[in-house]
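# Chain and residue survey
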Amino acid sequence: MGEPPLFRLEHGERPLIVSAPHVGLALPPGMAERLSDAARRLPDTDFGVTELYRDALPAGVSFLRAEFSRYVIDLNRAPDGAALYPGRFETGLVPLFTFAGEPVWRTGMEPDAEEVAQRRERYWRPYHDALRGEIDRLRQRHRRVLVWEAHSIRGRLPRLFEGELPDLNLGTADGESCGPDLETALRAELGQQREFSHVVNGRFKGGWITRHYGRPAVGVEAVQLELRQGCFLDEDDPRYDPPRAAPLAELLRRLLARALAVVEESR
C-alpha cells in the first residue's frame, strides 16, 4: 500500500482559498519509529480544523489541506528555515521540539540537512506549487483573491505564550498581508459578538504563508486565523465535537462570508 496523497485540493470559483497546512496525520514509512514517545501522538496537529471548516465554508470556495504531519516538514515555514518571530521559541522547518518543548526525535535519529532538503522537495514544494497555482487560476477571474490560513492550537502552551490564548487570533502581518478594508471588516465582525474572546495581530500575526503570499498591491491577500482548540473539542481527547463547535462554526461562517463580500465587491 502506497503513501496517501500529499494534499487534497478542492477547486472553487469564488476568490477565496482556505489553506490548512497543519491538519495532516500521515507519516512516511519508517518515520514513526524515529519519533519520541511524546511526538508519536502528533500533539501539535491542528486538530478539528478540517471538520470545523467543513461546517462553515461558503459554497464555491477552494479548500487545500495537507495530508502529512507537520513533523515531516512544516508547510507554514520559510523554505530556508528563517525564523518567524526572532528571539522567541518556535518550531522550525523540520521541528526538533514540540510546542511543549519535548524532543520530536529519538536521540540520534534527527534528520540531517540532506534529509531536510529532500523533504522540502518531496513534501513542501508540491503544496506550495498547488497553492500558487490555485491563486494564479483564481486571479485570472477576480481582481482580488484571499488566502485564508486555517489553524488551531491548545489554549495553554507556556513555551509559546503566557497565560490562556484568546479564542480567535487573527493575523494580518500587522496589516501588511491584506487590504485595510478587509481587516476592518473582520475586526467589525469579531467585535459584534461577545461569546468568544479575540485579538488581532497578537501573539500570532500570521505565519510564512500569510506573509509570503499576502501582497495586496498585486491583488493577492492573506490572513491567518488561529483558533483555540478548546472552543470545539476536548484538548486532552482531540476529536471534533460538533455540539461544542456549533457556535464557533456559526461565527466562522459569518467571518468567511464577510471576507468574501469584501473581496468580491472589488470585481
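Here the structure is shown first, and the text comes after it.
Quick caveat, the model's predicted, so the values are computed rather than measured.

## A closer look at the nonpolar core
Among the nonpolar cores identified, the biggest contains 41 residues, and L52, Y53, W148, L168, L225 and F232 are the most heavily contacted of them. Where this core is concerned, the elements lending two or more residues are strand 2 (16–20), helix 1 (49–54), strand 4 (145–153), strand 5 (168–171), helix 3 (180–191), strand 7 (220–228) and helix 5 (242–264). Sorting elements by how many residues they give to this core places helix 5 first, with 11 residues. With residues near it in sequence (within four places) discarded, W148 still touches L16, I17, V18, S19, Y53, L186, V223, L225, L252, L255, L256 and A259. Judged by nonpolar contacts, the second largest core, of 34 residues, contains L42, L75, L84 and L93.

## Here we look at the sheet that holds strand 5
Pairing is mixed across the open sheet formed by seven strands, whose spatial order is 1-3-2-4-7-5-6. The sheet is open, and its two borders are formed by strand 1 (7–10) and strand 6 (198–200), each paired with just one other strand. Between one strand and the next, the sheet's axes are offset by a mean angle of 15°, whatever the strand orientation. In this sheet, strand 3 (residues 62–66) lies alongside strand 2 in parallel orientation, the contact comprising four bridges.

## Examining the packing of helix 3 against helix 5
With their axes 9 Å apart at the nearest point, helix 3 and helix 5 run at an angle of 155° to one another. It follows from the interaxial angle that helix 3 and helix 5 lie roughly antiparallel. Of the two possible hands of crossing, helix 3 and helix 5 adopt the one that is right-handed. Taking contact as the criterion, the partners of D181, L182, A185, L186, A188, E189 and L190 in helix 3 are, on helix 5, R254, L255, R258, A259 and V262.

## What to know about the packing of aromatic side chains
On inspection of all chains with the given rule, the structure shows five aromatic pairs. Seen from their ring centres, F7 and Y127 are 6.2 Å apart, and the 90° between their planes marks the pair as edge-to-face. Taken together, the positions of F7 in strand 1 and Y127 in helix 2 (residues 113–139) put the pair 120 residues apart, joining distant regions of the chain. Look at F68 and Y123: their rings are 5.0 Å apart centre to centre, the planes differ by 55°, and that puts the pair in the tilted class. Of this pair, F68 sits in the loop between strand 3 and helix 2 while Y123 sits in helix 2, and the two are 55 residues apart along the sequence. Judged by relative accessible area, F68 falls into the buried class, the value being 5%.

## Comments concerning the pattern of salt bridges
The full count for this structure, using the stated rule, is 28 salt bridges. Among the ionic pairs, E115 bridges to R34, the shortest N-O distance being 2.8 Å. Of this pair, E115 sits in helix 2 while R34 sits in the loop between strand 2 and helix 1, and the two are 81 residues apart along the sequence. In this structure, the salt-bridge partner of D181 is R144, at a minimum N-O distance of 2.9 Å. Here R144 lies in the loop between helix 2 and strand 4 and D181 lies in helix 3, a separation of 37 residues in the sequence. The class for R144 is buried, based on a relative accessible area of 10%. Members of the salt-bridge network, linked through shared partners, are E189, E250, R253, R254 and R258.

## Some points on empty space enclosed by the protein
In the structure shown here, the tally under the stated rule is three cavities of 30 Å³ or more. Each pocket or cavity is described by its volume, and for the largest cavity that value is around 220 Å³. Taken together, 21 residues line the largest cavity, and the ones lying closest to its centre are R70, R77, F99, F204 and E226. Here the element with the most residues in the lining of the largest cavity is strand 4; it accounts for three residues. For the lining of the largest cavity, the residue count by class is seven nonpolar, eight polar and six charged. As for the second largest cavity, its lining consists of L6, P21, A66, F68, S69, V72, I73, L75 and Y123. A per-class count over the lining of the second largest cavity returns eight nonpolar, one polar and no charged.

What counts, and where the lines are drawn
Residues numbered from 1 in each chain as written. Predicted model: local features only at pLDDT ≥ 70, side-chain atom pairs only at ≥ 80, totals over all residues. Heavy atoms only, no water. Core = buried A, V, L, I, M, F, W, Y, C linked by side-chain atoms within 4.5 Å. Buried < 20%, exposed > 50% of the residue type's maximum accessible area, 1.4 Å probe, protein only. Helix = DSSP H or I, 4+ residues; strand = E, 2+ residues; numbered from the N terminus. Contact = heavy atoms within 4.5 Å. Pairing = 2+ DSSP bridges. Axes fitted to C-alpha atoms, helices over the stretch in contact; angles between N-to-C directions. Parallel < 35°, antiparallel > 145°, perpendicular 65-115°, else oblique. Left-handed = near helix turned anticlockwise from the far one by under 90°. Phe/Tyr/Trp six-rings, centres within 6.5 Å; stacked < 30°, edge-to-face > 60°. Salt bridge = Lys/Arg side-chain N within 4 Å of Asp/Glu carboxyl O. 1 Å grid on protein atoms, 1.4 Å probe; cavity = no way out; pocket = protein on both sides within 12 Å on 5 of 7 lines; lining within 4 Å. Points joined across faces, edges and corners; volume = space filled by probe spheres on them. Nonpolar A, V, L, I, M, F, W, Y, C, P; charged D, E, K, R; others polar.

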